[in-house]
Amino acid sequence: MTMHRTPTRTAAAIAIAAVAFLGACTADGNDPNPSPTPTRTAAASPTATPTPTPTADPEVAAAEAAVLEAYQGYWDAKVQAFSDPSAPEAPSLRQFAVDTALADVRTSVQSLESSGIAVVGEPLLAPEVSDVVLADTSTATITDCVDVSNWQPMFTESGESAADPNQALRVLTTSTAYVYDGRWTIRSSEVDRDSSC
């Protein structure tokens, strides 16, 4: 069945899809509220396994590898959630995402579901870890050029594209990670919509 949409409804849905599927974040939240005993669910990896930047300090190298593992887990959970917005939330999302990263994925999933949109395919990631600080509250930064050429929003009922035709297909994304409850987690993830990579 073909859906009939008014220009206003279509524009709103496209705008929601563009924001939801890249998931820009804002200020940090106060309550990360992660799962107390999370388990990672198996999901198809959207990219080849990234490797940390070589470093002379073995502790920093180990931290970089753990940050990349958390970042990949965050993206695996995000791709899974966006592919079927009506499905129950996977425990892996709360394992790898906290604060605004978790809140933004949940908000995006709600927007996608209410708009009848799912994001199909998989993004291509190229993350690099920097600014690793090992302390009582360890932190790190992940810079990524996310290629969404093969990860696109579609109207679930009609199968038509819900993508903004002007949406950049490669966008610079900066994420923050920190150790929470003994594990590296992704705290925020911001998309720079004004610069491609």
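Note that the structure is a prediction, hence the values are computed from the model and not measured.

Across the protein chain, the average pLDDT comes to 81, with 72% of residues at or above 70. Within the model, the stretch residues 1-20 combines pLDDT values under 50 with 29 contacts to residues more than four positions away or in other chains. Overall, residues 23-47 carries pLDDT values under 50, and its contacts beyond four positions in sequence, including any with other chains, amount to 70 contacts.

Turning our attention to the sheet that holds strand β5 (residues 170-180). If you trace the 4 strands from one edge of the open sheet to the other, you get β2-β3-β5-β6, paired in antiparallel fashion. In this open sheet, the two edge strands, each paired with only one partner strand, are β2 (128-133) and β6 (183-196). For this sheet the average axis-to-axis angle between neighbouring strands, irrespective of direction, equals 20°. When β5 meets β6, the two strands line up antiparallel, connected through 10 bridges. Paired with S175 across the two strands is S189, which belongs to β6. Here helix α2 (residues 58-83) sits on the sheet and contacts β2, β3 (139-147), β5 and β6; the angle it forms with β6, its principal contact strand, is near 70°.

What follows concerns the nonpolar core. Core analysis: the biggest nonpolar cluster contains 37 residues, and Y74, W75 and F82 have the highest contact counts within it. Per-element tally for this core: the top contributor is α2, with 12 residues. When residues no more than four places from it in sequence are discounted, the contact partners of W75 are P123, L125, V146 and W151.

What follows deals with the layout of surface pockets. Empty pockets left among the atoms are what a rolling probe the size of a water molecule brings to light. Roughly 200 Å³ of internal volume is contained in the largest pocket. Lining the largest pocket we find 14 residues, and of these A81, A87, P88, E89 and A90 sit closest to its centre. Contributing elements (two or more residues each) for the lining of the largest pocket: α2 and α4 (99-115). For the lining of the largest pocket, the element with the most residues is α4, which contributes 4 residues. Of the residues in the lining of the largest pocket, the class split is 9 nonpolar, 2 polar and 3 charged.

Bringing the state of the cysteines into the picture now. Taken as a whole and judged by the stated rule, the model has 1 disulfide. One disulfide in the model links C145 with C197; its S-S distance is 2.0 Å. One disulfide, between C145 and C197, carries an S-S torsion of 90° and so falls in the right-handed class. In this pair, C145 is assigned in strand β3 and C197 in the segment after β6, connecting sequence segments 52 residues apart.

What follows deals with the side chain of S115. Relative to the assigned elements, S115 resides in helix α4. Look at S115 and you get buried, because its relative accessible area is 14%.

Secondary-structure assignment places A61 in helix α2. Expressed as a C-alpha distance, the spacing of A61 and V132, which sit 71 residues apart in the sequence, is 9.4 Å.

Take α4 next. Between the first and last C-alpha of α4 there are 25 Å, a value that for 17 residues agrees with the 24 Å anticipated at 1.5 Å per step. Among all positions in α4, only D99, T100, A101, L102, D104, V105, S108, V109, L112 and S115 are buried.

Analysis parameters
- Residue numbers run consecutively from 1 along every chain, following the written order of its sequence.
- Local features are withheld for residues below a pLDDT of 70 in this predicted model, meaning they are given only at 70 or higher, and side-chain atom pairs are given and counted only at 80 or more; totals for whole chains, interfaces and linings count all residues.
- Heavy atoms from the whole structure form the basis of all side-chain values; hydrogens and water molecules are not counted.
- Confidence of the predictor in every single residue is expressed as pLDDT, which spans 0 to 100.
- Throughout, a residue-residue contact means that at least one pair of heavy atoms, one from each residue, lies within 4.5 Å.
- Only strands joined by at least two bridges in the DSSP assignment are considered to pair.
- Note on conventions: DSSP H or I runs of at least 4 residues are helices, E runs of at least 2 residues are strands, and numbering of each starts at the N terminus.
- Here an axis means a line fitted to C-alpha atoms, over the contact stretch when the element is a helix, while the angle between two N-to-C directions is reported on a 0 to 180 degree scale.
- Here, nonpolar core means buried Ala, Val, Leu, Ile, Met, Phe, Trp, Tyr and Cys residues that are tied together by side-chain atoms lying within 4.5 Å of each other.
- Note on exposure labels: buried denotes an accessible area under 20% of the residue type's maximum, exposed denotes more than 50%, and partly exposed covers the range between, all computed with a 1.4 Å probe on protein chains only.
- The way it works is a 1 Å grid over only the protein atoms, where trapped points that fit a 1.4 Å probe form a cavity and open points with protein on both sides within 12 Å along at least five of seven lines form a pocket, and then any residue with an atom within 4 Å of a point lines it.
- Grid points are joined across faces, edges and corners, and a volume is the space filled by probe spheres set on the points.
- Note on residue classes: Ala, Val, Leu, Ile, Met, Phe, Trp, Tyr, Cys and Pro are nonpolar, Asp, Glu, Lys and Arg are charged, and everything else, Gly too, is polar.
- Cysteine sulfur atoms are paired as a disulfide whenever they come within 2.5 Å of each other.
- One less than the residue count of a helix, multiplied by 1.5 Å, gives the span that helix is expected to have.

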